[in-house]
Amino acid sequence: MPVDNRPPAKKMKFSPGGGFTNGVPVFQKLQQIRRNLPIFSAKRKLIEELRRLDTAIVIGETGSGKTTQLPQYIFEERLHKNMIIAITQPRRVAAITVAQRVAQERGSEPGHVVGHCVRFEDMTSEKTRIKYMTDGMLLREAILDPLLKRYSFVILDEAHERTIHTDVLFGVVKQAQKRRKLRNLLPLKIIIMSATMDVDHFSQFFNKAPVLYLEGRQFPVQVYYSREPQSDYVFAAVVALFQIHREEPADQDVLIFLTGQEEIDSVVRSIHEIAKGMVGDAPPLVVWPLYAALPSHLQLKAFNPAPKGTRKVIVATNIAETSITIHGISFVIDTGVVKAKIFTPRSGLDLLKVVKLSKAQALQRSGRAGREAAGTCYRLYTEEEFQHFPDNTIPEIQRCNLSSVALQLLAMGITDIVNFDFMDKPSTESLIGAVHQLHTLGAVIKENTIKLTATGKRMAAFPLDPKLSKTLLIALELHCLEEVLTIVSMLSVDSVLFTPQRKREEALAVRQKFVSSDGDHITLLNIYKAYKGVKGNKEWCHENFINGRNMSKAMDVRKQLRQICDSQTLAVKSCGQDTSIIRRCLAAGLFMNAAELQREGDVYISLTTREPVHIHPSSALFRCKPACVVYNELVKTSKCYMRDLSVVDPDWLYEAAPAYFKRKKPSKK
DNA sequence: TGGGTGAAC
């Protein structure tokens, strides 16, 4: 998550054990706050149950205090047997901020008894017993230690979000618990914490584990449905906003949920237009867009309180559903739609589609109006439409390419992936497809069982898509790891190009100096080099329409990948100016993502699926028509688009994977 | 000539 959105007013500085506010020691004050949380009255009962049970499901609404308090109760009662209590979170920022808060409550320094561990930031020590971490981090650790021997408790928090990592962890911790019991090791206690969703489902999966309910502290939200179905949700959202604006007090802010960047920018513009033309006594409006691709300084605008007598309107994607909390929202306008990525295992294709919400998601959105006071939610769909929404969002694990997950499971020693104990099993087709892809990359061999090769083991060490980790290993052989590390890092963060619609021409012109006729990969390499040359200067980023946040993330990723190379003693060498060797690597790693220009001129055909594909308009090669390309990913919107491409020689593809292309019969020149 | 919801190792 890009920004720290806590309001400065609540960001009191606490010093461990000391410090005073209004004459009351801070530590005492915090203990008082702890005792006032809804969970406190259930403390005795919870401890008793957790002492007795191996696995428990804890259900608590927002504000119950379960995330901060439950681990402390376990610690205070010494249930953890002086081992570590892990608490996983789907998001980095949550893991970091909650850990800091709990450290304050315990009057200890962050990183001592209470610590956090997220990618790029390990704030733990040998003293740490309460460890907040991302779910992906615990999964990484499970590769090195599938029995999770350092932990006596694993608490999977926000389980209802069903991130791909949490879903894999369900099976991993269940297996670890069972195997520890069989080997007479110290028991592993498992706690699943969730909002009120999927309760029975969780319980069933964990051998009918008991469910403990906690009271929450959420303000009531009045929900209104549209009387008629709306054909144009964008228009309806604007109408609803101005209805609120005319009738409600100015200090009550509005949050509108829409689907994407372009839609949001255009709605922000039309709200401005309409507000300008308004006569009468409606208060002034400030309107801010909010989506992940927005540079940080623009995102931060949404958090500033509006001037007195002014209404603030935030027009956001689902980033405001869970990831970012905006304070002071009284009204939510929910359009009932979201843009979602859907993976089709057969063609290996990501579809980006506007789809209906689930009931759970709609509830989450309306809840955003009741964080600090009673609020109102306008749903721009009828109650009957709502009844037809699916109950829950399809878990991520059923919507994603699983090659990375399959590699991780294999690295943990789990060979029978198709029969792995998933809470909601992905389709067999997509599991087999994932293993097949690993096989094609040389990461596994199929004998009686599926086994990781030496290459596969090396690949699993990298937090990357297997295609990209393979590309790194090829770069090692071809002595251009220096460059390919950079390219792979740039590919594994969100786009570093920021192209505002109104300054499109300017952005493209000023970035032209980075563009390489070899394609996007070399262009990304040029951008990274230039960025390093100016030492990550913010103004430079701004002038060149480069997203500084994502650039600095790419740099962090590169540093991490570099460390993994060093720890595996892989020599990081440079190829100097010879970009053809880099493209040779890319061809050898991405051969499954290759396409050829058809003789008739415009259209490319994917060598894997034989489907027509197109060069994405954001590509450096958009106006060029090279005969043969490899690409990083395929996205279907209005057409099938290849993103992040490089020009390659068809011979390189054949040389890299002769068996693969023998079957596919490429049209050799 | 057309578009990139959101997280994470």
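Residues numbered from 1 in each chain as written. Chains lettered and ligands numbered in written order. Predicted model: local features only at pLDDT ≥ 70, side-chain atom pairs only at ≥ 80, totals over all residues. Heavy atoms only, no water.

Identification of chain A as RNA helicase from Mizuhopecten yessoensis is taken from an unreviewed UniProt entry. What the UniProt record of chain A gives under Catalytic activity (unreviewed entry) is the line "ATP + H2O = ADP + phosphate + H(+)". (UniProt positions renumbered as here; feature names shortened; annotations may be inferred.)

Caption draft 1: Representation of helix α22 (residues 579–589) within the structure. The buried count for α22 comes to eight of 11 residues, which makes it a mostly enclosed element. For α22, the complete set of buried residues consists of Ile581, Ile582, Arg583, Cys585, Leu586, Ala587, Ala588 and Gly589. (Buried < 20%, exposed > 50% of the residue type's maximum accessible area, 1.4 Å probe, protein only. Helix = DSSP H or I, 4+ residues; strand = E, 2+ residues; numbered from the N terminus.)

Caption draft 2: Broad picture of the confidence of the model for chain A. Per-chain confidence: chain A averages 89 in pLDDT, with 95% of residues scoring 70 or above. With pLDDT under 50 throughout, residues 1–21 is counted as low confidence; its partners more than four residues away or in other chains account for 40 contacts. (pLDDT = per-residue confidence, 0-100. Contact = heavy atoms within 4.5 Å.)

Caption draft 3: Region of the structure containing the sheet that holds strand β9 (residues 189–194). Overall, mixed pairing links the eight strands, which are arranged β6-β5-β7-β4-β8-β9-β3-β10 in an open sheet. Each of the sheet's edge strands pairs with one partner strand only, and the pair in question is β6 (121–123) and β10 (211–214). Between one strand axis and the next, the sheet turns by 20 degrees as a mean value, whatever way the strands run. Inspection of the sheet shows strand β5 (residues 114–118) paired to β6 by three bridges, in the antiparallel sense. Its bridge partner lying in β6, His116 is registered against Met123. The strands touched by helix α4 (residues 92–105) within the sheet are β4 (84–89), β5, β6 and β7 (130–134), with β5 carrying the most contacts at an inclination of about 170 degrees. The strands touched by helix α5 (residues 135–144) are β4, β5, β7 and β8 (151–156); relative to β7, the strand with the most contacts, the crossing angle is about 100 degrees. (Pairing = 2+ DSSP bridges. Axes fitted to C-alpha atoms, helices over the stretch in contact; angles between N-to-C directions.)

Caption draft 4: Quick peek at the pairing of strand β3 (residues 55–60). Across the six residues of β3, six count as buried, placing the element largely inside the fold. Taking every second residue as pointing to the same face, both faces of β3 are buried, with Thr55, Ile57 and Ile59 on one and Ala56, Val58 and Gly60 on the other. Examined bridge by bridge, β3 and β9 share five bridges and lie parallel to one another. The residue of β9 that forms the bridge with Ile57 is Ile192.

Caption draft 5: Just the UniProt feature "domain: Helicase ATP-binding" (unreviewed entry) in chain A, in detail. Mapped onto the present numbering, the UniProt feature "domain: Helicase ATP-binding" (unreviewed entry) falls on residues 47–215. Each end of residues 47–215 is marked by a C-alpha atom, and these two atoms are 16 Å apart; helix forms 40% of the span and strand 24%.

Caption draft 6: Local environment of the protein's contact with DNA strand B. Not every one of the 37 residues close to DNA strand B is listed here, only the nearest: Ala292, Lys339, Thr637, Ser638 and Arg643. The share of sugar and phosphate among atoms of DNA strand B within 4 Å of the protein is 58%. Between DNA strand B and Thr134 there is a distance of 3.1 Å, counted from a phosphate oxygen to a side-chain nitrogen or oxygen. Put simply, the parts of the chain that give the surface near DNA strand B at least two residues each are α5, β16 (337–344) and β25 (640–647). For the surface near DNA strand B, a count of residues per class yields 13 nonpolar, 12 polar and 12 charged. (Near = heavy atom within 4 Å. Polar contact = N/O pair within 3.5 Å; in protein donor to acceptor, adjacent residues only side chain to side chain. Nonpolar A, V, L, I, M, F, W, Y, C, P; charged D, E, K, R; others polar.)

Caption draft 7: Region of the structure containing the domain arrangement of chain A. When cut into domains, chain A gives domain 1 (34–213), domain 2 (221–396), domain 3 (401–461) and domain 4 (466–663). Distance from the C-alpha centre of domain 1 to the C-alpha centre of domain 4: 39 Å. (Domains from an automatic or database assignment.)

Caption draft 8: Seen up close, the environment of Pro612. Mapped onto the elements of the fold, Pro612 is located in strand β23 (residues 612–615). When its relative accessible area of 39% is taken as the criterion, Pro612 is described as partly exposed. As a C-alpha pair, Pro612 and Cys640 span 28 residues in sequence and 7.3 Å in three-dimensional space.

Caption draft 9: Geometry of the state of the cysteines. Going through the model one piece at a time under the given rule, you end up with zero disulfides. Not part of a disulfide, Cys624 finds its nearest cysteine sulfur in Cys628, a span of 15 Å. (Disulfide = S-S within 2.5 Å.)

Caption draft 10: Quick peek at the environment of Ile581. By the secondary structure assignment, Ile581 is in helix α22. Taking relative accessible area as the criterion, Ile581 reaches 19% and is therefore assigned buried. Note: C-alpha distance between Ile581 and Leu473 (108 residues apart in sequence) is 14 Å. Among residues more than four places away in sequence, those in contact with Ile581 are Leu478, Cys480 and Cys575.

Caption draft 11: Fine view of the nonpolar core. Within the largest apolar cluster, 110 residues are counted, with the highest numbers of intra-cluster contacts made by Ile582 and Leu653. The residues touching Ile582, leaving out its near neighbours within four places in the chain, are Cys480, Glu483, Val484, Ile487, Ile522, Leu525 and Cys575. Of all hydrophobic cores here, the second largest spans 32 residues; its members include Tyr73, Leu79, Ala95 and Val102. (Core = buried A, V, L, I, M, F, W, Y, C linked by side-chain atoms within 4.5 Å.)

Caption draft 12: Expanded view of the environment of Leu407. Within the secondary structure layout, Leu407 lies in helix α13 (residues 403–411). In sequence terms Leu407 and Ala461 are 54 residues apart; their C-alpha atoms lie 9.8 Å from each other.

Caption draft 13: Here's a closer look at the packing of α13 against helix α14 (residues 428–440). Interhelical geometry of α13 versus α14 gives an angle of 75 degrees and a closest axis separation of 8 Å. When the axis of α13 is compared with that of α14, the two are roughly perpendicular. Residues Ser403, Ala406, Leu407 and Leu410 of α13 pack against Ala434, Gln437 and Leu438 of α14. In terms of residue class, the contact of α13 with α14 is made up of five nonpolar, two polar and no charged. (Parallel < 35°, antiparallel > 145°, perpendicular 65-115°, else oblique.)

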